[in-house]
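Below, each chain spelled out in residue letters.
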Amino acid sequence: MGKKDTGKEGNLVIVESPAKAKTIEKFLGKDYLVKSSYGHIRDLAKSDFGVDVNNNYEPDYIISSDKKDVVKELKTLAAKAKIVWLASDEDREGEAIAWHLYETLGLNEENTRRIVFHEITKEAILKAIENPRKIDVNLVNAQQARRVLDRLVGFELSPVLWRKVKPSLSAGRVQSVSVRIIVEREREIFAFKPTSSYRVVGIFSIVDDKGKHNNIKAELSKRFDTLEETSSFLEQCKVIDFTVAKVDKKPVTKSPAAPFTTSTLQQEASRKLGFSVSQTMSVAQKLYEAGKITYMRTDSVNLAESAVKMAASMIADKMGAQYVNSRQYKTKAKGAQEAHEAIRPTYMDKETVSGSSAETRLYELIWKRTIASQMSNAQLEKTVINISAGNTGEKFVATGEVIKFDGFLKVYIESSDNEKEGADDEKRDVLIPPMTVGDVLGMEQIEARQRWTLKPPRYTEASLVRKLEELGIGRPSTYAPTISTIQNRGYVDKEERPGVERQYKHLMLKAGVLEVTDKTEITGAEKNKLFPTDIGMVVNDFLIKYFSDVVNFNFTAKVEKEFDDIAMGNLIWNEAIDAFYKPFHALVEETLEKSEKSTGERILGEDPNTGKTVLVRIGRFGPMAQLGEVVEGEEKPRFAGLRRGQHIETITLEEALDLFKLPRQVGEYEGKVVTIGIGRFGPYIRHDSKFVSLKKGEDDPLTIDLETAIIRIEDKRKADREKIIKVFEEAELQILNGRWGPYIAYDGGNYRIPKTVEADKLSLEDCMELVKKGKSTKKTTKKSTTKKTTAKKTTTKKTTAKKGETKKKPATKKAAAKTKDK
């Protein structure tokens with residue numbers, strides 16, 4: 001399709017992304033010009049809420065500064081076009097984008113068409129053009145209600161936190177509930193007391209009718225509480241007979257999982273591919289815009305009839321008719337809305353697609369899940385054998401599962417977040433040799449290990465999404481931004497933590513000899529788990545105490561239901577906002593006036609050497625320990641930051657006192673003192689006025705010696721030398737090695753060097769030419785224009801839109817305000 005101006009006789013199609021525009025223009029003729037709005041073109045003003053609370057919560061929208069040229073071009077093209085087609089996504093966010101375009105570009109109903117499609121294929125695009133509709137104001141108002149409510153909550157709550165907890169904090173509606181879920185789980189873990197027991201597993205043998213020895217593994221049906229009980233049982237096992245007491249065989253049917261929704265795709269991509277929630281959505285967006293999958297923000301598990309037929313045909317051709325079982329699934333999610341079909345490939349016969357590794361892997365996951373959903377059930381046979389342990393009254397149980405017909409298992413097996421002991425032992429096709437009741441088995445060995453009850457598992461991004469969905473909190477479009485927000489704002493950390501060494505008792509009975517030994521294992525390792533920070537926990541406690549509704553699960557789910565009602569036209573959006581805002585604003589005023597400052601302070605005891613009070617609390621730079629109190633005329637208190645993994649709620653007096661042993665000198669190197677300490681950014685080595693970080697997981701600031709410190713200093717020097725490729729001192733310009741390749745550092749900015757250019761051969765003139773042509777990644781710091789909201793303020797000044805800007809009601813998804821919550 002050409003990009004020429006088509007004049008008044010032409011058609012202008014506006015979508016929200018350039019990639020989507022590029023795909024769509026392939027399907028339309030020369031009479032259609034496809035342009036991108038690059039997302040939302042307007043947002044709420046940053047000053048004074050951006051919402052007039054005294055005028056039915058009228059939003060004050062302004063054109064984003066980076067979108068003014070886009071709007072100017074679209075206005076010119078729209079004025080010349082015979083028909084303007086608004087083709088943004090079909091969910092509430094997409095409807096709002098279409099509405100903002102309609103209002104800002106000054107369009108009219110006569111020559112404006114709204115078209116929607118859930119897949120970018122030629123058939124879907126042409127069908128949409130044949131069936132245009134008007135903008136759905138109910139969907140727009142539902143998006144607007146979410147945007148306005150989140151802005152009001154963020155702008156009102158955040159100043160409360162600045163004054164009562166710590167400056168620069170922020171709070172929001174959905175993010176605060178998400179943090180609460182993680183904090184409550186962490187406190188369950190803090191309170192958890194593991195208890196030990198002994199798991200007993202035996203290996204028995206039986207001789208078949210051909211004289212072949214077959215082994216069978218079975219676990220004792222109970223666990224012993226003590227070493228004495230376990231030893232006593234194993235001693236008895238030396239002399240008793242083991243006989244088959246019961247053989248139970250039964251057929252088992254397993255059904256495939258439903259096609260992907262946004263939530264289940266995020267969960268499964270995390271388990272199978274190791275993707276973060278935001279990475280999954282970013283890759284899925286690219287696949288959708290390239291026309292490879294259907295719309296990726298959906299909570300529907302329904303498939304189009306055409307897709308069901310395509311799948312059935314493909315399965316029959318490749319695997320046989322016996323593998324076909326066409327079916328439709330019913331959506332179980334609370335308040336299901338958004339798009340009307342599950343996430344699936346646009347063309348079911350394509351098992352893979354071209355693209356990046358991430359795109360290919362995610363597409364193949366979607367293809368397998370969709371195809372499996374239309375395949376036959378798997379048929380298995382499960383066998384359970386009870387083995388009597390002589391006259392002890394105990395029994396061993398052996399379980400085997402054999403696949404008789406693989407069905408959908410031929411293509412796909414759903415993963416889980418199961419962290420239970422022995423979860424990895426669950427394997428299919430565990431064949432149990434033929435046995436009958438009364439058969440006597442040989443005992444090859446019996447092993448007993450001391451095991452402990454498992455603490456509640458911490459949330460991963462995927463399991464948090466599942467929890468939010470179960471509670472009815474958030475919607476497909478909000479999961480990823482919510483999880484990113486709580487991490488970006490320092491309330492939650494996603495981390496890997498090494499396990500700790502643990503000693504356990506091990507008993508082995510073999511050839512009539514019982515051995516009892518002490519063994520060690522690594523336990524408690526965490527991978528990509530969500531940990532609440534101390535600041536996150538203190539803020540959570542403050543909000544629960546003073547704003548219980550805001551972090552109440554049922555209340556938040558109720559608000560989501562109200563958004564759904566607005567989308568269906570059953571509720572007026574600003575009336576719903578009013579019912580929430582008035583009592584909420586009164587509560588904000590009361591809290592500012594009457595609540596105390598909350599820092600999570602906890603007194604641990606006294607320093608035995610000085611008698612001074614030792615406490616922990618939230619300070620200006622985060623959680624810290626304090627030795628001594630502020631008393632006029634006396635020595636000032638000492639402060640020390642908490643170490644990684646330490647918490648205000650769990651740190652002991654001894655651990656806190658250890659922090660004041662730092663900074664400590666470990667010796668001299670090159671005639672300069674080497675000091676170890678902990679700073680704002682973690683443990684460090686200071687030498688010759690330079691700082692070197694300690695190695696994570698290896699170096700302990702309290703025990704590291706001079707020899708190791710020197711190794712770290714030299715490693716840092718080597719890395720710095722390798723980073724510098726060339727220096728032009730006269731221009732204060734450097735060519736450096738970076739994570740993404742060589743670049744030029746000049747005047748506070750960084751400039752990329754093309755891959756085709758040999759960085760070490762560049763002259764100063766060459767560098768200045770690249771600087772002139774290139775785009776700097778220099779960061780500029782802007783002072784926040786957001787004013788702290790005072791308790792007494794009940795009116796909001798209405799901002800007058802500047803020339804060329806438009807002020808209307810429905811809102812946008814992208815937040816301009818740093819305090820808003822998605």
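By convention here, each chain's residues receive numbers from 1 onward along its written sequence. Reporting in this predicted model follows two pLDDT cut-offs: at least 70 for local features of residues, and 80 or more for side-chain atom pairs to be given and counted; totals over whole chains, interfaces and linings ignore these cut-offs and use all residues. Hydrogen atoms and water are omitted, and side-chain values are computed over all heavy atoms in the structure.

Please explain the overall build of the chain as it appears in this structure.
The number of helices and strands found in the chain is 19 helices and 30 strands. Across its three principal directions, the C-alpha atoms of the chain cover 95 × 85 × 65 Å. Relative to its full complement of 822 residues, the chain shows a buried share of 50%. Counting only contacts in the chain whose residues sit at least 6 apart along the sequence, the fraction spanning at least 24 positions is 72%. In the form shown here, the chain has an accessible surface area of approximately 41500 Å², with 48% of it arising from carbon and sulfur atoms. The convention is simple: Lys and Arg are positive, Asp and Glu are negative, and His and the chain ends are not counted. To locate a charge, the coordinates of NZ of Lys, CZ of Arg, CG of Asp or CD of Glu are taken. Where the 140 positive side-chain charges of the chain centre and where its 123 negative ones centre are 5 Å apart. Each helix corresponds to a stretch of at least 4 residues labelled H or I by DSSP, and each strand to a stretch of at least 2 residues labelled E; elements are numbered beginning at the N terminus. Only protein chains enter the calculation, and the probe is 1.4 Å; a residue is then buried if its accessible area is under 20% of its type maximum, exposed if over 50%, and partly exposed in between. By definition, residues are in contact when any of their heavy atoms lie within 4.5 Å. In these tables, accessible area is a Shrake-Rupley quantity obtained with a 1.4 Å probe, and a residue counts as shielded only by the protein chains included in the view.

Please explain the environment of Arg466 as it appears in this structure.
With respect to the helices and strands, the residue Arg466 is situated in helix α12 (residues 461-471). Given a relative accessible area of 28%, Arg466 falls into the partly exposed group. Sequence separation of Arg466 and Gln267 is 199 residues, and the distance between their C-alpha atoms is 7.4 Å.

Looking at this model, I keep getting lost on the pattern of salt bridges. Mind explaining?
Two side chains that carry opposite charge are able to pair once their charged atoms sit near each other. By salt bridge we mean one thing: a side-chain nitrogen of Lys or Arg within 4 Å of a carboxyl oxygen of Asp or Glu. Counted by the stated rule, this structure contains 52 salt bridges. Here Glu526 ties to Arg458 by a salt bridge, and the two come within 2.6 Å at their closest N and O atoms. Of this pair, Glu526 sits in strand β18 (residues 526-532) while Arg458 sits in the loop between β14 (440-452) and α12; the two residues are 68 residues apart in sequence, bridging distant segments of the chain. When its relative accessible area of 8% is taken as the criterion, Glu526 is described as buried.

I would appreciate a short explanation of the sheet that holds strand β30 (residues 749-752) in the present structure.
Remark on secondary structure: sheet strands pair via backbone hydrogen bonds, oriented parallel or antiparallel. Pairing between two strands requires that DSSP report at least two bridges joining them. Across the sheet, which stays open at both edges, the four strands sit in the order β27-β28-β29-β30 with antiparallel pairing between neighbours. Bordering the open sheet on either side are β27 (724-728) and β30, each of which pairs with just one other strand. On average, adjacent strands in this sheet sit at an angle of 25° to one another, irrespective of strand direction. Both strand β28 (residues 733-738) and strand β29 (residues 741-746) contribute to a ladder of six bridges, which runs antiparallel. Of the residues in β29, the one forming a bridge with Leu733 is Tyr746. In this analysis an axis means a line fitted to C-alpha atoms, helices contributing only their contacting stretch, and an angle means the value between N-to-C directions, from 0 to 180 degrees. Contacts from helix α18 (residues 706-723) reach β27, β28 and β29, with the element oriented near 60° to β27. Relative to the sheet, helix α19 (residues 764-773) contacts β27, β28, β29 and β30, its axis offset from that of β29 by approximately 85°.

When you look at the pairing of strand β25 (residues 682-687) in this model, what are you seeing that I'm missing?
On a regular strand, each side chain points to the face opposite its neighbour's, so the side chains alternate between the two faces of the sheet. Pairing of strand β24 (residues 672-679) with β25, which is carried by six bridges, proceeds in the antiparallel orientation. Directly across from Thr675, in β25, lies its bridge partner Arg686. The sheet contact formed by β25 and strand β26 (residues 690-693) spans four bridges and is antiparallel. The partner of Arg686 across the bridge, within β26, is Phe691.

Explain the nonpolar core to me, please; I cannot follow it from the model alone.
Generally speaking, a soluble globular protein has its nonpolar side chains buried in company with each other. By nonpolar core is meant a set of buried Ala, Val, Leu, Ile, Met, Phe, Trp, Tyr and Cys residues that side-chain atoms within 4.5 Å join together. If you look at the biggest cluster of nonpolar residues, it comprises 133 residues, and the most contacted ones within it are Phe117 and Leu362. Of all the elements, helix α5 (residues 137-164) adds the most residues to this core, at 12 residues. Leave out the neighbours within four places in its chain, and Phe117 touches Lys20, Ile24, Ala87, Glu90, Ala124, Ile125, Ala128 and Tyr288. Counting 27 residues, the second largest nonpolar core, distinct from the first, contains Val200, Phe233, Ala398 and Leu507.

Looking at this model, I keep getting lost on the pairing of strand β7 (residues 83-86). Mind explaining?
Neither face of β7 is left uncovered, since the one carrying Ile83 and Trp85 and the one carrying Val84 and Leu86 both have all their residues buried. Pairing analysis gives three bridges linking β7 to strand β8 (residues 112-114), with the strands arranged parallel. For Leu86, the partnering residue across the bridge sits in β8 and is Arg114. Handedness of the crossover is the feature at issue here: the chain leaves β7, passes through helix α3 (residues 92-104), returns alongside β8, and the resulting connection is right-handed. Whether a crossover is right-handed comes down to one check: with the strands pointing away from the viewer, does the path from the first strand over the helix to the second run clockwise; if it does, it is right-handed.

Is there a simple way to explain the packing of α5 against helix α15 (residues 553-567) in this structure?
A pair of packed helices is captured by two measures, namely the crossing angle of their axes and the spacing between those axes. Where α5 meets α15, the axes come as close as 7 Å, and the angle between the chain directions of the two elements is 150°. Comparing their axes, α15 and α5 come out roughly antiparallel. Here Asn138, Leu139, Asn141, Ala142, Ala145, Arg146 and Leu149 of α5 come into contact with α15, specifically with Val559, Glu560, Phe563, Ile566 and Ala567. Note that the term roughly parallel is reserved for angles under 35 degrees, roughly antiparallel for angles over 145, roughly perpendicular for angles of 65 to 115, and oblique for everything else.

What should I look at first to understand the sheet that holds strand β21 (residues 622-627) in this one?
One open sheet accounts for four strands, arranged β19-β20-β21-β22; its pairing is antiparallel. Every interior strand has two partners, whereas the edge strands, β19 (602-606) and β22 (638-641), have only one. Within this sheet the neighbouring strands show an average axis-to-axis angle of 25°, counted without direction. One ladder, built from four bridges, connects β19 with strand β20 (residues 613-619); its direction is antiparallel. What sits directly across from Gly605, in β20, is Val614.

I'm lost on the packing of aromatic side chains in this one. Help?
The way to describe two aromatic rings as a pair is by their centre distance and the angle between their planes. Any two of the Phe, Tyr and Trp rings considered here, Trp counted by its six-membered ring, make a pair once their centres fall within 6.5 Å; the pair's planes then place it as stacked at under 30 degrees, edge-to-face at over 60, or tilted in between. Summed over the entire model, instances satisfying the criterion amount to 15 aromatic pairs. Relative to Phe396, the ring of Phe204 has its centre 5.1 Å away and its plane inclined at 70°; by these criteria the two rings are edge-to-face. Of this pair, Phe204 sits in strand β9 (residues 196-207) while Phe396 sits in strand β13 (residues 395-405), and the two are 192 residues apart along the sequence. Of the residues examined, Phe204 reaches a relative accessible area of 0% and is grouped as buried. Joined through ring pairs, the aromatic side chains of Phe204, Phe224, Phe233, Phe242 and Phe396 make up one cluster. Note that Lys272 overlies the ring of Tyr412, its terminal NZ or CZ placed 4.9 Å from the centroid. The criterion for a charge sitting over a ring is simple: Lys NZ or Arg CZ within 6 Å of the ring centre, and within 35 degrees of the ring normal.

Help me understand a negative patch on the surface, please; the structure alone is not making it clear to me.
Taken together, Glu729, Glu730, Glu765, Asp766 and Glu769 make up a surface patch of like negative charges. Secondary-structure assignment places Glu729 in the loop between β27 and β28. Patch definition: residues above 30% relative accessible area lacking any salt bridge, with like charges linked at up to 9 Å and the nonpolar side chains Val, Leu, Ile, Met, Phe, Trp and Tyr linked at up to 5 Å.

Sorry, what's going on with the side chain of Glu58 here?
Mapped onto the fold, Glu58 is located in strand β5 (residues 58-59). One polar contact links Glu58 to Asn55, side chain to side chain, over a distance of 2.8 Å. What qualifies as a polar contact is a pair of N or O atoms within 3.5 Å, subject to a donor-acceptor requirement within protein and to the restriction that residues adjacent in sequence count only when both atoms come from side chains.

What is the right way to look at α3 in this model?
Working note: α-helix, 3.6 residues per turn, so residues spaced by three or four point in the same direction. If you check α3, its first and last C-alpha atoms are 18 Å apart, about what 13 residues at 1.5 Å a residue would give, namely 18 Å. Within α3, 12 of the 13 residues are buried, leaving the element largely enclosed by the surrounding structure. Gly106 lies just past α3 and shows a positive phi near 65°. Expected helix span is given by 1.5 Å per residue-to-residue step, counting one fewer step than there are residues.

What is the right way to read the confidence of the model for the chain from this model?
Any residue range with low pLDDT should be treated as having predicted coordinates unsuitable for detailed reading. When pLDDT is averaged along the chain, the result is 88; 91% of the residues meet or exceed 70. Low pLDDT, under 50, characterises residues 1-7; the stretch is placed with 19 contacts to residues that sit more than four places away or in other chains. Predicted confidence is poor over residues 779-822, with pLDDT under 50, and the contacts of this stretch with residues over four places away or in other chains come to 132 contacts. For every residue, the pLDDT score states the predictor's confidence, bounded by 0 at the bottom and 100 at the top.

Would you take a moment to explain unusual backbone geometry for this structure?
Most of the time, phi is negative for any residue but glycine, and the peptide bond is trans. Residue Pro663 is reached from Leu662 by a cis peptide bond, and omega for that bond is 0°. Here Pro663 is to be found in the loop between α17 (653-659) and β23 (664-669). With a phi angle near 55°, Ala511 is a residue other than glycine that sits in the positive phi range. Position of Ala511 among the secondary structure elements: in the loop between β16 (500-510) and β17 (513-523).

Sorry, what's going on with the side chain of Thr298 here?
In this structure, Thr298 sits in the loop between α9 (277-289) and α10 (305-319). One polar contact links the side chain of Thr298 to the main-chain carbonyl oxygen of Glu341, over a distance of 3.0 Å.

What am I meant to see in the environment of Gln328 here?
Here Gln328 is to be found in the loop between α10 and α11 (357-373). Linking Gln328 and Gly645, residues 317 residues apart in sequence, is a C-alpha distance of 47 Å. A distance of 3.4 Å separates a polar atom in the side chain of Gln328 from a polar atom in the side chain of Asn302. There is a polar contact of 2.5 Å between the side chain of Gln328 and the backbone oxygen of Leu303.

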